[in-house]
Amino acid sequence: EAGVVQSPRYKIIEKKQPVAFWCNPISGHNTLYWYLQNLGQGPELLIRYENEEAVDDSQLPKDRFSAERLKGVDSTLKIQPAELGDSAVYLCASSLDSGTSGYNEQFFGPGTRLTVL
Amino acid sequence: AQSVSQHNHHVILSEAASLELGCNYSYGGTVNLFWYVQYPGQHLQLLLKYFSGDPLVKGIKGFEAEFIKSKFSFNLRKPSVQWSDTAEYFCAVGRMDSSYKLIFGSGTRLLVRP
């Protein structure tokens, strides 16, 4: 079974440029998560999708970040314009569902390492 | 606000030494507890988890963790580490309420010397 796929794996851009990250979750997983991981820190949730609905985007900086999950499968996270402080690893994860009545393991992708110059 | 603390940021051990990594959290409600591991060049993967029942849980590769509710702790242990255990370890807490999500600690980098 294929895991969570993310692309690109690495991205270097200049500040003020736009950037987009793509995630393909594990087949059949309804819940998709985007996390931000700064150097020396643990992942922090940016947004959580249940199918195509963003059910928790409270930590997403909406002035420059946006995300979509069309058709409830693949997802794209965009930053426009990027700032120096956005340099980090952006992780995508998926689970069968969010586990509000129990728990479903979150499976993580390899991440996209963004460097903003 | 809920937080997860991992007190050891870097740990260096020799092979066969015993390991204990500390994890404390600040949420008073019902929680699920997890340890994730990230081997060099690989993605995060689940090492073990606690939902309820026996507070001593066993995971993959000989790891175990003990939930001590009174101390809000979920420490990770392994009696004898191997060089292949070199990785970064993250403790995470999931709140069992309507805003279910994982809160991660800052991680502990473990280096095991052969």
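Being a predicted model, the structure only gives us computed values, none of them experimental. (Residues numbered from 1 in each chain as written. Chains lettered and ligands numbered in written order. Predicted model: local features only at pLDDT ≥ 70, side-chain atom pairs only at ≥ 80, totals over all residues. Heavy atoms only, no water.)

A. Local environment of the overall build of chain A. Along its length, chain A carries 0 helices and 11 strands. Mapped in sequence order, the helices and strands of chain A form the string β-β-β-β-β-β-β-β-β-β-β. Counting only C-alpha atoms and orienting by the principal axes, one finds that chain A spans roughly 40 × 30 × 30 Å. When the 117 residues of chain A are sorted by exposure, 47% land in the buried category. A separation threshold of at least 6 residues defines the contact pool for chain A, and within that pool the share at least 24 residues apart is 55%. Accessible area for chain A stands at about 5800 Å²; split by element, carbon and sulfur atoms hold 48% of it. Across chain A, the centroid of the 11 positively charged side chains sits 8 Å from that of the 15 negatively charged ones. (Helix = DSSP H or I, 4+ residues; strand = E, 2+ residues; numbered from the N terminus. Buried < 20%, exposed > 50% of the residue type's maximum accessible area, 1.4 Å probe, protein only. Contact = heavy atoms within 4.5 Å. Areas by Shrake-Rupley, 256 points an atom, 1.4 Å probe, with all protein chains shown as cover. Lys, Arg positive; Asp, Glu negative; His and termini not counted. Charge placed at Lys NZ, Arg CZ, Asp CG, Glu CD.)

B. Examining the interface of chain B and chain A more closely. Across the contact, 18 residues belong to chain B and 23 residues belong to chain A. Roughly 1600 Å² is buried in total at the junction of chain B and chain A, and carbon and sulfur atoms are behind 58% of that figure. Where chain B packs against chain A, one counts 0 salt bridges. In this assembly, chain B and chain A are joined by 2 residue pairs in polar contact (both at pLDDT 80 or more). When residues of the side of chain B that touches chain A are traced back to their parent elements, those giving at least two are strand S5 (31–38), strand S6 (45–50) and strand S11 (102–104) of chain B. Among the elements that take part in the side of chain B that touches chain A, S5 of chain B stands out by supplying 4 residues, more than any other. Across the side of chain B that touches chain A, the residue classes tally to 10 nonpolar, 6 polar and 2 charged. (Buried area = accessible area lost by both parts, 1.4 Å probe. Salt bridge = Lys/Arg side-chain N within 4 Å of Asp/Glu carboxyl O. Polar contact = N/O pair within 3.5 Å; in protein donor to acceptor, adjacent residues only side chain to side chain. Nonpolar A, V, L, I, M, F, W, Y, C, P; charged D, E, K, R; others polar.)

C. Up close: the pairing of strand S4 (residues 31–37) of chain A. Residues and elements named next belong to chain A. In terms of burial, S4 is largely enclosed, as 7 of its 7 residues are buried. Of the pairings in the sheet, the one linking S4 to strand S5 (residues 44–50) comprises 6 bridges and is antiparallel in character. From the neighbouring strand, Tyr33 faces S5, where its bridge partner is Arg48. Between S4 and S5, which follow one another and run antiparallel, lie 6 residues, and Gly40 among them has a positive phi close to 80 degrees. As paired strands, S4 and strand S9 (residues 88–95) are joined by 7 bridges and run antiparallel to one another. Its bridge partner being in S9, Trp34 is matched across the sheet by Cys92. (Pairing = 2+ DSSP bridges.)

D. Broad picture of the sheet that holds strand S1 (residues 5–7) of chain A. Residue and element names in this part refer to chain A. Taken in spatial order, the 4 strands of this open sheet run S1-S3-S8-S7, and their pairing is antiparallel. The open sheet has two edge strands, S1 and strand S7 (65–68), and neither has a second partner. Strand-to-strand twist across the sheet, computed as the mean angle between neighbouring axes with direction ignored, equals 15 degrees. Here 4 bridges tie S7 to strand S8 (residues 75–79), and the two strands are oriented antiparallel to one another. Across the sheet, Glu68 pairs through a bridge with Thr76, a residue of S8. (Axes fitted to C-alpha atoms, helices over the stretch in contact; angles between N-to-C directions.)

E. Region of interest: the state of the cysteines. As enumerated under the stated definition, the model contains 2 disulfides over all chains in all. The disulfide partner of Cys23 of chain A is Cys92 of chain A, and the gap between their sulfur atoms is 1.9 Å. Torsion about the S-S bond of the Cys23 of chain A and Cys92 of chain A cystine: about -70 degrees, corresponding to left-handed handedness. Separated by 69 residues along the polypeptide, Cys23 of chain A in strand S3 (residues 19–24) and Cys92 of chain A in strand S9 bring together distant segments of the chain. Each member of the pair, Cys23 of chain A as well as Cys92 of chain A, is classed as buried. One disulfide bridge connects Cys23 of chain B with Cys91 of chain B, the sulfur atoms lying 1.9 Å from each other. Torsion about the S-S bond of the Cys23 of chain B and Cys91 of chain B cystine: about -65 degrees, corresponding to left-handed handedness. A residue pair is termed long-range when its members are at least 10 positions apart, and Cys23 of chain B in the loop between strand S3 (19–21) and strand S4 (24–25) and Cys91 of chain B in strand S10 (residues 87–95) qualify at 68 residues. Each of the two residues, Cys23 of chain B as well as Cys91 of chain B, counts as buried. (Disulfide = S-S within 2.5 Å.)

F. Spatial organisation of the packing of aromatic side chains. In total, this model carries 14 aromatic pairs over all chains according to the counting rule given. Each ring, one from Tyr35 of chain A and one from Phe104 of chain B, has its centre 5.8 Å from the other, and the planes form 90 degrees; the classification is edge-to-face. Here Phe104 of chain B lies in strand S11 and Tyr35 of chain A lies in strand S4, a pairing that spans two chains. Given the relative accessible area of 0%, Tyr35 of chain A is considered buried. When the centroid spacing of 4.8 Å and the interplanar angle of 35 degrees are considered together, the rings of Tyr50 of chain B and Phe67 of chain B count as tilted. (Phe/Tyr/Trp six-rings, centres within 6.5 Å; stacked < 30°, edge-to-face > 60°.)

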